[in-house]
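Structural overview
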Amino acid sequence: MPGDGTPPRWLAVVNPLMRTAARLGAPVVVLTLRGRRSGRLRRTPVSPMELDGARYLVAGYPTAQWVHNARAAGTGELATGRRCEAVRLVELSADEARPVLREFPVRVPSAVSVMVGAGVVPDGSPDAYERLAGRCAVFRLESV
C-alpha cells in the first residue's frame, strides 16, 4: 500500500513492460538473479548509478524481493538492451552506503517520485536518502 514503504501496485504492471522493452533492445537495465527458493531466473528492471568509478544498485523499497535473491545468489547478470554482463553484488554496510544514498536522488532522479509516493522517503533530499542507510540495501556491482 503506497505510503507505507511498499511498492505501488502499478509497479507489477510496469516491470513486465520494462522487461519486454529490454528484450526488444531498448536501453532498459535488467538484473537477472536466481530465485533463492525456486532456483528460477528472476528479472528486475533496475537503475544502476555510477559514483567515483564504481557502480551501485539501491533497493527502492525495504521489502524488495530482488534484494533477498541478491544476498542468496551473490552474483547475477546485468543486461542493457542486448548487452549482458556477469556481476557480483557486494552489499554495503550502513556506513558505506550513506554517501551512495546521498547521491542517489541527484544521479537517479526518476526514482525520487516513486519512492516518495511509496512513503520510503518523505522528500527527495540527500538527507532523506542518507537516512535509508541500514533500511534499504545498497550493492556495489563488480564485473565477474
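Quick note: structure is the one above.
A short tour of the structure in this document, coming up. Predicted, not measured: the structure shown is a model, and the values here were computed from it.

We now examine the overall build of the protein chain. In terms of helices and strands, the protein chain carries five helices and seven strands. In the protein chain, the order of α-helices and β-strands from amino to carboxyl end is α-β-β-β-β-α-β-β-α-α-α-β. Considering the protein chain as a whole, with its 144 residues, one finds that 40% of them fall into the buried category. Contacts spanning at least 24 positions in sequence make up 66% of the contacts within the protein chain whose residues lie at least 6 apart. For the protein chain, the exposed surface amounts to about 7800 Å²; the carbon and sulfur share of it is 52%.

Another point: the pattern of salt bridges. One side chain can pair with another of opposite charge once the charged atoms of both are near each other. In the structure shown here, the tally under the stated rule is eight salt bridges. Here arginine 88 and glutamate 142 are joined by a salt bridge, their closest N and O atoms 3.7 Å apart. Highlighted residues: arginine 88 in strand β6 (residues 83-91) and glutamate 142 in strand β7 (residues 138-143), separated in sequence by 54 residues. Judged by relative accessible area, arginine 88 falls into the partly exposed class, the value being 36%. One continuous salt-bridge network, built from bridges that share partners, spans Arg88, Arg140 and Glu142.

Pairing of strand β1 (residues 29-34) with strand β2 (residues 41-45), which is carried by five bridges, proceeds in the antiparallel orientation. Opposite valine 30, over in β2, you have proline 45 as the bridge partner. Connecting β1 to the next strand, β2, in antiparallel fashion are six residues, including glycine 39 with a positive phi near 80°.

With that settled, consider helix α2 (residues 65-73). If you check which residues of α2 are buried, you get Trp66, Val67, Asn69 and Ala70. The buried residues of α2 occupy one face: seen down the axis, they fall within an arc of 165°. Where α2 ends, the next residue or the one after it, glycine 74, has phi of about 80°, a positive value.

This part covers the sheet that holds β6. Judged by pairing direction, the sheet is antiparallel, and its seven strands sit side by side in the order β2-β1-β5-β6-β7-β4-β3 without closing on themselves. The open sheet has two free edges, formed respectively by β2 and β3 (49-51), since each of these has just one partner strand. Going from strand to strand, the sheet's axes swing by 40° on average, the running direction of each strand aside. Of the strand pairs in this sheet, β1 and strand β5 (residues 75-80) are connected by four bridges, and their pairing is antiparallel. From the neighbouring strand, threonine 32 faces β5, where its bridge partner is glutamate 77. The sheet strands contacting α2 are β1, β2, β4 (54-58), β5, β6 and β7, and the helix crosses β1 at an angle near 55°. Along the sheet face, helix α3 (residues 94-107) touches β3, β4, β6 and β7 and points at about 120° away from the line of β3.

Scoring rules and cut-offs
Residues numbered from 1 in each chain as written. Predicted model: local features only at pLDDT ≥ 70, side-chain atom pairs only at ≥ 80, totals over all residues. Heavy atoms only, no water. Helix = DSSP H or I, 4+ residues; strand = E, 2+ residues; numbered from the N terminus. Buried < 20%, exposed > 50% of the residue type's maximum accessible area, 1.4 Å probe, protein only. Contact = heavy atoms within 4.5 Å. Areas by Shrake-Rupley, 256 points an atom, 1.4 Å probe, with all protein chains shown as cover. Salt bridge = Lys/Arg side-chain N within 4 Å of Asp/Glu carboxyl O. Pairing = 2+ DSSP bridges. Arc of directions from axis to C-beta. Axes fitted to C-alpha atoms, helices over the stretch in contact; angles between N-to-C directions.

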